[in-house]
Amino acid sequence: MFAACGIITLLLFVIDLGVGSVSILPREIIGILTGMDSDPVHRSIIIDIRLMKAVVALLVGAALSVSGLQMQTLFRNPLAGPYVLGISSGASLGVALFILAGPMLALPAEISSLGIAGAAWIGAAAILALIAAVGHRIKDIMVILILGMMFSSGVAAIVQILQYLSHEEALKSFVIWTMGSLGDVTRQQLWIMLPAVAAGLILAVLTIKPLNLLLFGEEYALTMGLDIRRSRSLLFISTTLLAGSATAFCGPIGFIGLAMPHVTRMLFDNSDHRVLIPATMLTGGAVLLICDIISKSLTLPINSITALLGIPVVVYVVVKNSMK
């Protein structure tokens, strides 16, 4: 399964590079990537535009899927996702505040672009820090989940108020950000996003053993000597780095983090996180590449495609659990 997923992901990566307003054949793409002589225009399209977008799709797909897997295991809830603790709402609040203040500050385009990403990451991290501070005093993980949802709802209400009070141009910029985009990440932003996602994935690998113990519940994990608070903090930090970074640079991309852990469990027929975490990275990256290919072919926002692909999986999971 790992070999098959790896080959499929590689093929999708090449197809994604070839799809767009200008179609480029796979053999020419391979030639461009290996440094062979090729059409300068096609070379510029691949290297300067499409390669960056495809790499971002792999990173974001892996980040959102792994963070979703962590949250589902931690909360023992199949409908928990990477935004369950308010990451998306916190990021939206940061971006809303920045976009409203941006026109008054008259910032250059480059600084404004980095500022939007930074504001989103800070907003997401602030909400997670608040949840972590509350969670340090509360042992019941379901209480933390409910508090996270309440904080998320409160922040979402503030964002709606800001949208209502904002000017038309600022509102348009914010709405475009909420649609999600893989193509707005610059090289400068990628060098910020890459280490953040890499650190989150490394933390996810380090939490494999705690996640396997948490499959049997927190009481069992405690009897096996697991430090619940430390493990919970590591999972929160990893989720913030993964989902927060993806949201900051690409906007809130829905359903990938919620659906892909379930798809991976069905494909690999395994609950061991030593298998699930690397497998979820592969499947998440592959599916977001598929979404990007469809998005470019139909000229639609990436969020609409991820929702159309993710909703059937979520419906299946809900129906399956209700029949148990």
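The notes below deal with the structure included here. Residue indices begin from 1 for each chain and proceed along its sequence in written order. At least 70 in pLDDT is required for a residue's local features to be given in this predicted model, at least 80 for side-chain atom pairs to be given and counted, and no such filter applies to totals for whole chains, interfaces and linings, which use all residues. The side-chain figures draw on all heavy atoms in the structure; neither hydrogens nor water molecules are used.

A short note on a nonpolar patch on the surface
Within this analysis, patches are made of residues with over 30% relative accessible area and no salt bridge. Like charges are joined at 9 Å or less; nonpolar side chains (Val, Leu, Ile, Met, Phe, Trp, Tyr) at 5 Å or less. Note on areas: Shrake-Rupley with a 1.4 Å probe; residue coverage comes only from the protein chains shown. What makes a salt bridge here is a side-chain nitrogen of Lys or Arg within 4 Å of a carboxyl oxygen of Asp or Glu, nothing more. A cluster of nonpolar side chains, F255, I311, V315, V319 and M323, forms an exposed patch at the surface whose accessible area comes to about 450 Å². Along the chain, I311 falls in helix α14 (residues 302-322). I311 sits in the partly exposed class, given a relative accessible area of 40%. Starting at the N terminus, helices and strands are each numbered in turn, a helix being any DSSP run of H or I of at least four residues and a strand any DSSP run of E of at least two. Throughout this description, buried means an accessible area under 20% of the type-specific maximum (1.4 Å probe, protein chains only), exposed means over 50%, and partly exposed covers the range between.

Considerations on the side chain of H42
Mapped onto the elements, H42 comes out in helix α3 (residues 40-75). On the accessibility criterion, H42 (17% relative accessible area) is buried. The contact criterion used is simple: two residues touch if any of their non-hydrogen atoms lie within 4.5 Å. If near-sequence neighbours (up to four positions away) are discounted, H42 is found in contact with V22, I24, E28 and I32.

Section: helix α2 (residues 26-33)
Among the residues making up α2, those that are buried are I29, G31 and I32. Buried residues of α2 fall within an arc of 160° about the axis and therefore sit on the same side. Those residues of α2 that are buried are in contact with α1 (2-18) and α3. Of the residues trailing α2, G35 is marked for its positive phi of about 85°. Working definition: the arc comes from the directions between the helix axis and the C-beta atoms, pointing outward to the latter.

Quick look at the nonpolar core
In this text, buried Ala, Val, Leu, Ile, Met, Phe, Trp, Tyr and Cys residues form a nonpolar core when linked through side-chain atoms within 4.5 Å. Counting residues in each nonpolar core, the largest one holds 82 residues, and the members touching the most others are V60, F75, L182, C250, I253 and L288. Looking at this core, the element that brings in the most residues is α3, giving 15 residues. Beyond its immediate sequence surroundings of up to four residues, I253 is in contact with V60, L64, Y83, G180, L182, L288, I302, N303 and T306.

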